[in-house]
Amino acid sequence: MPRDIITLECTEAREAGKPPSRYMTTRNKKSLRTPGRLEKVKFNPFMNKRTLHRELR
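What counts and what doesn't
Every chain is numbered independently, its residues counted from 1 as its sequence is written. Where totals are concerned, whole chains, interfaces and linings use all residues; where local detail is concerned, this predicted model gives features only for residues with pLDDT of at least 70, and gives and counts side-chain atom pairs only at 80 or more. To get the side-chain values, take all heavy atoms of the structure and skip hydrogens and water. The working definition used for a salt bridge is a side-chain nitrogen of Lys or Arg within 4 Å of a carboxyl oxygen of Asp or Glu. Secondary structure is summarised from DSSP: a helix means a run of H or I of at least four residues, a strand means a run of E of at least two, and numbering begins at the N terminus for each.

A. Quick look at the pattern of salt bridges. By the definition in use, this model includes five salt bridges. For Arg22, the salt bridge identified is with Glu9, shortest N-O distance 2.5 Å. Of the two residues, Arg22 sits in strand β2 (residues 22-28) while Glu9 sits in strand β1 (residues 3-10), which places them 13 residues apart along the sequence. A salt bridge links Arg54 to Glu39; the nearest nitrogen and oxygen atoms lie 2.7 Å apart. Note that Arg54 is positioned in strand β4 (residues 49-55) and Glu39 in strand β3 (residues 39-44), a separation of 15 residues in sequence. It is possible to trace a salt-bridge network through shared partners that takes in Glu9, Arg14 and Arg22.

Encoded structure:
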């Protein structure tokens, strides 16, 4: 399979002392556009706003 299942975790919640939100998504292993860790802006329900989420390894 050319796609991997990855976990995205909020980067701003730990600094604020709140629990981090996590999302499950897939990424294309062979894509040249995303060689490093995937970053997306997703909604964090604990902080009630959109925050940056980074791929966990």
